[in-house]
Amino acid sequence: LFIQPRLLPRMDFDHGIDAPCRTLVIIPTMLTHSDNLEELVESLEVQYLANKDEFLHFGLLTDFKDAETETTPEDEPLLQLAIQKIESLNEKYARTDSDVFYLFHRPRKWNRQDHLWMGYERKRGKLTELNALLRGEADAAFSHISGGPSIFKEIRYVITIDSDTSLPRDAARK
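Residues numbered from 1 in each chain as written. Predicted model: local features only at pLDDT ≥ 70, side-chain atom pairs only at ≥ 80, totals over all residues. Heavy atoms only, no water.

Draft legend 1. Seen up close, the sheet that holds strand β6 (residues 144-146). With respect to topology, five strands assemble into an open sheet ordered β6-β3-β2-β1-β7, the strand pairing being mixed. Of all the strands in the sheet, the pair left with one neighbour each is β6 and β7 (157-160). Averaged over all pairs of adjacent strands, the angle between strand axes in this sheet comes to 20°, irrespective of strand direction. Across five bridges, the pairing between strand β2 (residues 56-64) and strand β3 (residues 101-105) is parallel. Along β3, the bridge assignment pairs G59 with Y102. (Pairing = 2+ DSSP bridges. Helix = DSSP H or I, 4+ residues; strand = E, 2+ residues; numbered from the N terminus. Axes fitted to C-alpha atoms, helices over the stretch in contact; angles between N-to-C directions.)

Okay, here's the thing in structure tokens:
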């Protein structure tokens, strides 16, 4: 009653995301089998087609499923398929200055409490380690990164969506 409301300034991305606001849309998930991977990559491509922007990038942030051993026979073929799919998307939608699509994959670590090999702190750990990587602090957390790292320090915002969530047309700008 005593103080008049006033509008807060906001960013205007009606004409696209600007270079200083370079953004990464990331999907944290587990690599479980090739059919699941096909769906993830197709979803990533659909998200991109609905949100094309020069300074908007898309990535999968992955772990393998929990296991009794540090590695399993299925791990390497599944990771190689994921790498191939991301590289294929980057070839299909090539840009001159940077890649559009990324794969950030973490190895399993021993969990003393659960007596299993698993991704450190699952989803929260993935996001924490990704943000550290983007700040230039911890690239050792990932066993494989597909996509050119030259833009990592330029990424200012990270939009996280679940693997079963869609990013509607131009929603990243909004």
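More follows now that the structure is in view.
Draft legend 2. Structural view of a nonpolar patch on the surface. The grouping of L1, F2 and I3 at the surface amounts to a nonpolar patch, some 550 Å² of accessible area in total. The topology assignment puts I3 in the segment before β1 (23-31). Here I3 falls in the exposed class, since its relative accessible area comes to 74%. (Patch = residues over 30% accessible without salt bridge, like charges linked within 9 Å, V, L, I, M, F, W, Y side chains within 5 Å. Areas by Shrake-Rupley, 256 points an atom, 1.4 Å probe, with all protein chains shown as cover. Salt bridge = Lys/Arg side-chain N within 4 Å of Asp/Glu carboxyl O. Buried < 20%, exposed > 50% of the residue type's maximum accessible area, 1.4 Å probe, protein only.)

Draft legend 3. Here's a closer look at the pattern of salt bridges. Inspection of every chain in the model, using the stated rule, returns 13 salt bridges. Among the salt bridges present, the one from D75 reaches R108, with a minimum N-O distance of 2.5 Å. Of this pair, D75 sits in helix α2 (residues 75-92) while R108 is found in the loop between β3 and β4 (109-111), placing the two residues 33 residues apart along the sequence. Here D75 and R108 have matching classes, each one buried. With its nearest N and O atoms 2.5 Å apart, the salt bridge here joins D162 to K123. A residue pair is termed long-range when its members are at least 10 positions apart, and D162 in the segment after β7 and K123 in helix α3 (residues 122-134) qualify at 39 residues. Owing to a relative accessible area of 33%, D162 belongs among the partly exposed residues under this scheme. Where salt bridges share partners, they join D63, R106, K109, K126 and E129 into one cluster.

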